[in-house]
Amino acid sequence: MAIQDLRQNYTPEPIDPEDLTADPFDQFHAWFEDAREIGILEPNAFTLATVSAEGQPNARTVLLKGVDEADAELPEGRGFVFYTNYTSTKGEELNANPRTCMNFYWDTLSRCVRINGKVSKVSAKETEAYFKTRPRESQLGAWTSHQSSVIDGREELMLKFFQLTEEYPDETPIPVPPTWGGYRVVPTSFEFWQGQPSRLHDRLRYVPVDGQWKIERLSP
């Protein structure tokens, strides 16, 4: 079959704005739980977009590791947290231009959530607390990889990994690498998309207006 002939017929019930929650974080949680319950393998996977100093867009898949609760006391505001190497391409681009777009796609549900927002680093305390929950191999992996740098081959990675296993034998605490940590995306808008027949999809966007979230429908 030719690529141009690949089509999916979307059949979910239309979205009524009255059925959406007033808080987009609550709406995200509701859809996220639907994705978990239906058995999507990694419902926390999303596409993270950044822009280079030359204006070149970049996008990659990242895993969401936290969503702040409503009572969270954060100077920058509530947001979505992920972790990475600060010296990676995404880290360098976010440091230079702290704005991003996150895109979740749950194909089985014919749903997508797009979040635009401002980015800031999480505290060292928050990074350390999360790092301790990671599997030991993942902790060592964070030290092993200078993410986005050019290497000669996989052997180089594995040699460094095995050297680190000797440096940090079982039960020896592994510190957080100085170039590794978290980012928090504080949303400036949310868009909830759901596929509909005839490509007349539902698109509902939350935008902040006078300290409240306003819901508006977008043409598909």
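A quick note: this is a predicted structure, and the numbers were derived from the prediction, not measured. (Residues numbered from 1 in each chain as written. Predicted model: local features only at pLDDT ≥ 70, side-chain atom pairs only at ≥ 80, totals over all residues. Heavy atoms only, no water.)

**Observations concerning the nonpolar core**
Among the nonpolar cores identified, the biggest contains 30 residues, and Phe 28, Phe 80, Met 102, Phe 104 and Trp 106 are the most heavily contacted of them. At the level of secondary structure, the elements contributing two or more residues to this core comprise helix 1 (24–37), strand 1 (45–51), strand 4 (80–85), strand 5 (99–106), strand 6 (111–121), strand 7 (180–194) and strand 8 (202–209). With five residues, the top contributor of residues to this core is helix 1. Judged by nonpolar contacts, the second largest core, of 12 residues, contains Val 81, Tyr 130, Leu 164 and Ile 174. (Core = buried A, V, L, I, M, F, W, Y, C linked by side-chain atoms within 4.5 Å. Buried < 20%, exposed > 50% of the residue type's maximum accessible area, 1.4 Å probe, protein only. Helix = DSSP H or I, 4+ residues; strand = E, 2+ residues; numbered from the N terminus.)

**Considering the layout of surface pockets**
The calculated volume of the largest pocket comes to roughly 350 Å³. The wall of the largest pocket is formed by 16 residues, among which Tyr 83, Thr 84, Arg 134, Gln 147 and Trp 180 lie closest to the centre. (1 Å grid on protein atoms, 1.4 Å probe; cavity = no way out; pocket = protein on both sides within 12 Å on 5 of 7 lines; lining within 4 Å. Points joined across faces, edges and corners; volume = space filled by probe spheres on them.)

**Things to note about the state of the cysteines**
Per the stated rule, a full pass over the model turns up zero disulfides. Sulfur of Cys 101: no disulfide; nearest cysteine sulfur belongs to Cys 112 and is 8.7 Å away. With relative accessibility at 13%, the residue Cys 112 sits in the buried group. (Disulfide = S-S within 2.5 Å.)

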